[in-house]
Amino acid sequence: MYEIAGRLKRLPPYLFAEIDRIKKKAKEEGRDIIDLGVGDPDTPTPMHIIEQLYKAARDPENHRYAMDMGLLRLREAIARWYKRRFNVDLDPETEVLPLLGSKEGIAHIPLAFINHGDEVLIPDPCYPPYKSGTILAGGVPYLMPLLAENDFLPDLEKIDYQVAKRAKIMFLNYPNNPTGATATEGFFRKALDFANENNIIICHDAAYSEMSYDGYRPSSFLEIEGAKDAGVEFHSLSKTYNMTGWRLGFVCGNKDIISALRTVKSNIDSGVFQAVQFAGIIALEGEQQHIDELNIMYQKRRDVLVDGLNGLGWKIDKPKATFYVWIPVPPGYTSNELTKSLLEKADIVTTPGIGFGPNGEGYIRMALTVSEERLKEAVDRIKRLHK
Ligand SMILES: *Cc1c(COP(=O)(O)O)cnc(C)c1O
C-alpha cells in the first residue's frame, strides 16, 4: 500500500495503546471508571468568556480569515497581562504571537530552526510535542534526564560538550508536566548562561504558570535579565481559563525567533478564529478571581489524593503547581504494570511514566481532574487492593 514517510516512522512508539484498549473495554462493559489520565480541566470556561465568544461570533467581520499575526488588541492584552503578572515589558508588534493553542507553536518552532540531523535538548520525561515536533522537523532529540535527586531540573553540566555546541534549541517546562516540579530563578539564570555560551534558543513552556498552591507563585523565564535575547516563552489559555477546546495560546520574547516561527505558521495556518481572539482578550483582561478558586479546588483535591495514598504507605510529594501528581511506583511493578493493574482491578485510569520518556519509568501520573468525592473513591478502591 502507501508507504508512510520516514519522519512518521521515527516518531516515538505510541505507548498508551494497550491502556487505551483496556480502558475502552472497561467502558463498554459499563464499569465505573475514574479517569485520572488526561490533563484536561473538568470544570467549564467562565461564563463571561463564553458570552464574549457568542457576541463576537455574530459579527460578520469576524467570519473572515484572521491575520496570521493575530489582532493587535489581543497582542496588546497579552503584553499588558505579562506586565501585570511578571513585570516583563513586551512589544505587542514584534514580541508577541498568538497561537492555535500553545501545542501548535511548540510543535512548529523546530521547523524554523532545525536542519536535518540538528540536535534539540529535551527534558526526559516531557510533554510529548517537544520530541515529536523535533523529529517531524528532521531533528534529533537529545534527552536531559529529570531526576528526583535534582528536583526534576536538568543537570546542565551533564550535557555532552559536543552536543551542547551543536544543539540549536532547548525545551524547558516549569511548572512541569508530568513531574509537577517547579524551577527557581537561579535555575533559569543558569539555563540562560548555558544558552548564551552555546548559542542555543531556549523555548520555555509556561502552560501552568497560573496553577499553583500553598501560596507559591511561579515566575516567568522572561523575568531573567537578558532572557529576551536568548529565548521565548509559550503560554496557553487552556488550563488557566478552562479553554482547552478553544485552541488559544501565545508565544512571547525574542523578536527574531518569533518572526521565524511566524514565517512557518503563515505558510501552514491562517490564524485563530477572531471571535476566539476577542474571547481571549476578555479572558486576560476580565476578572481573574476564578483562577484563585480553581487553585483552591485543585489544592484540596491534591490533598485528598496525596494524603489518602500516603496514609496507605505510598511515598508521594505534594506538587506546588500543575494538576499532576507524580507517583513513584512501588517495588515489583513497572509503570506500565501498575497502570494496567489499577485499571483492571480498581477501574482507575492513570498514565504510565514511561509514556513521557525513559526517565519516566518508575512513576505513574495522576491528574487532579475529577472531584474530591471521586478522588476519595479512588483512594478507597486502592485501599481495598492493599488488603
Ligand atoms: C496542556 C499543556 C499545554 C497547553 O497546550 P494547548 O495546546 O495550549 O492546549 C502546553 N504545554 C504543556 C506542558 C501542557 O501540559
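Visitor: Just checking my understanding: could you explain the overall build of the chain for this structure?
Guide: From N to C terminus, the chain includes 14 helices and twelve strands. The C-alpha radius of gyration computed for the chain amounts to 21 Å, which stays within 12% of the reference 21 Å derived for 387 residues, consistent with globular compactness. Each principal axis of the C-alpha distribution contributes one length, and for the chain these read about 60 × 55 × 55 Å. Considering the chain as a whole, with its 387 residues, one finds that 54% of them fall into the buried category. Long-range contacts, defined here as pairs at least 24 residues apart, represent 74% of the contacts in the chain between residues at least 6 apart.

Visitor: Would you mind showing me how to read the sheet that holds strand β11 (residues 351-352) here?
Guide: The strands that make up a sheet pair up through hydrogen bonds in the backbone, lying either parallel or antiparallel. With antiparallel pairing, three strands are arranged side by side in an open sheet as β9-β12-β11. In this open sheet, the two strands that pair with only one neighbour each are β9 (324-328) and β11. Note that β9 and strand β12 (residues 363-367) share five bridges and pair antiparallel. Bridged to Ile 327 within β12 is Ile 364.

Visitor: Help me understand the pairing of β12 in this model?
Guide: For β12, the tally of buried residues reaches five of five residues, placing the bulk of the element in the interior. Of the two faces of β12, the one lined by Tyr 363, Arg 365 and Ala 367 and the one lined by Ile 364 and Met 366 are each fully buried.

Visitor: Whenever I open this one, helix α11 (residues 274-285) confuses me. Can you help?
Guide: For the α-helix, the turn length of 3.6 residues means that residues three or four positions removed from each other point alike. With twelve residues, α11 extends 17 Å between its outermost C-alpha atoms, agreeing within 8% with the 16 Å of an ideal straight helix rising 1.5 Å per residue. Turning to α11, its buried residues are Gln 274, Ala 275, Val 276, Gln 277, Phe 278, Ala 279, Gly 280, Ile 281, Ala 283 and Leu 284. As for α11, its buried residues are in contact with α3 (47-57) and α4 (72-86).

Visitor: What should I look at first to understand the site of the ligand in this one?
Guide: The ligand sits among 14 residues. The nearest are Asp 205, Ser 236, Ser 238, Lys 239 and Arg 247. Interatomic distance of 2.6 Å between a side-chain N/O atom of Ser 236 and an oxygen atom of the ligand. In the environment of the ligand, an oxygen atom lies 3.4 Å from a nitrogen or oxygen atom belonging to the side chain of Lys 239. For the ligand, whose free accessible area comes to 390 Å², the fraction covered by protein is 94%. For the shell around the ligand, the class distribution of residues is four nonpolar, six polar and four charged.

Visitor: What should I look at first to understand the packing of α4 against α11 in this one?
Guide: The packing of two helices is summarised by the inter-axis angle and the distance between the axes. Across the interface, α4 lies against α11 with an axial gap of 9 Å and an inter-helix angle of 20°. Looking at the two axes, α4 sits roughly parallel to α11. Regarding α4 and α11, the two cross each other, and that crossing is left-handed. Along the contact surface, α4 presents Arg 73, Leu 74, Ala 77, Ile 78, Arg 80, Trp 81 and Arg 84, while α11 presents Gln 277, Phe 278, Gly 280, Ile 281, Leu 284 and Glu 285. Taken together, the residues of the contact of α4 with α11 break down into seven nonpolar, two polar and four charged.

Visitor: Help me understand the domain arrangement of the chain in this model?
Guide: How big an interface is tends to be reported as the loss of accessible area on association of its parts. Domain parsing of the chain yields domain 1 (6-44 + 289-386) and domain 2 (47-285). Centre-to-centre separation of domain 1 and domain 2, based on C-alpha positions: 25 Å. At the interface, 31 residues of domain 1 touch 33 residues of domain 2. Summed over both sides, the interface between domain 1 and domain 2 buries roughly 2900 Å², with carbon and sulfur atoms accounting for 60% of that surface. Per-residue buried area on domain 1 facing domain 2 is highest for Lys 320, Thr 322 and Phe 356; these three make up 21% of the total on that side. Taken together, domain 1 and domain 2 are joined by one salt bridge. Counting every contact that joins domain 1 to domain 2 gives 14 residue pairs in polar contact (both at pLDDT 80 or more).

Visitor: Before we go on, may I ask you to explain the side chain of Asn 177 in this structure?
Guide: Looking at where Asn 177 falls in the secondary structure, it is placed in the loop between β5 (169-173) and α8 (185-198). Here Asn 177 falls in the buried class, since its relative accessible area comes to 5%. A polar side-chain atom of Asn 177 sits 2.8 Å from a polar atom in the side chain of Arg 365. The contact partners of Asn 177, leaving out residues within four places of it in the chain, are Cys 126, Tyr 127, Tyr 208, Tyr 324, Phe 356 and Arg 365.

Visitor: Can you help me understand α8 in this one?
Guide: Along its 14 residues, α8 runs 20 Å from first to last C-alpha, staying within 8% of the 20 Å computed at 1.5 Å per residue. Among the residues making up α8, those that are buried are Phe 187, Phe 188, Ala 191, Leu 192, Phe 194, Ala 195 and Asn 198. Relative to the axis of α8, the buried residues are bounded by an arc of 160° and lie together on one face. Turned more than 90 degrees away from the buried face of α8 sit Lys 190 and Glu 197, all of them exposed. On its buried face, α8 sits against β3 (119-124), α7 (161-166), β5, β6 (201-205) and α9 (227-230). Looking one or two places after α8, you find Asn 199, whose phi comes out positive at around 55°.

Cut-offs applied
- Residues numbered from 1 in each chain as written.
- Predicted model: local features only at pLDDT ≥ 70, side-chain atom pairs only at ≥ 80, totals over all residues.
- Heavy atoms only, no water.
- Helix = DSSP H or I, 4+ residues; strand = E, 2+ residues; numbered from the N terminus.
- Rg over C-alpha atoms; globule rule 2.2 N^0.38 Å.
- Buried < 20%, exposed > 50% of the residue type's maximum accessible area, 1.4 Å probe, protein only.
- Contact = heavy atoms within 4.5 Å.
- Pairing = 2+ DSSP bridges.
- Expected span 1.5 Å × (residues − 1).
- Near = heavy atom within 4 Å.
- Polar contact = N/O pair within 3.5 Å; in protein donor to acceptor, adjacent residues only side chain to side chain.
- Areas by Shrake-Rupley, 256 points an atom, 1.4 Å probe, with all protein chains shown as cover.
- Nonpolar A, V, L, I, M, F, W, Y, C, P; charged D, E, K, R; others polar.
- Axes fitted to C-alpha atoms, helices over the stretch in contact; angles between N-to-C directions.
- Parallel < 35°, antiparallel > 145°, perpendicular 65-115°, else oblique.
- Left-handed = near helix turned anticlockwise from the far one by under 90°.
- Domains from an automatic or database assignment.
- Buried area = accessible area lost by both parts, 1.4 Å probe.
- Salt bridge = Lys/Arg side-chain N within 4 Å of Asp/Glu carboxyl O.
- Arc of directions from axis to C-beta.

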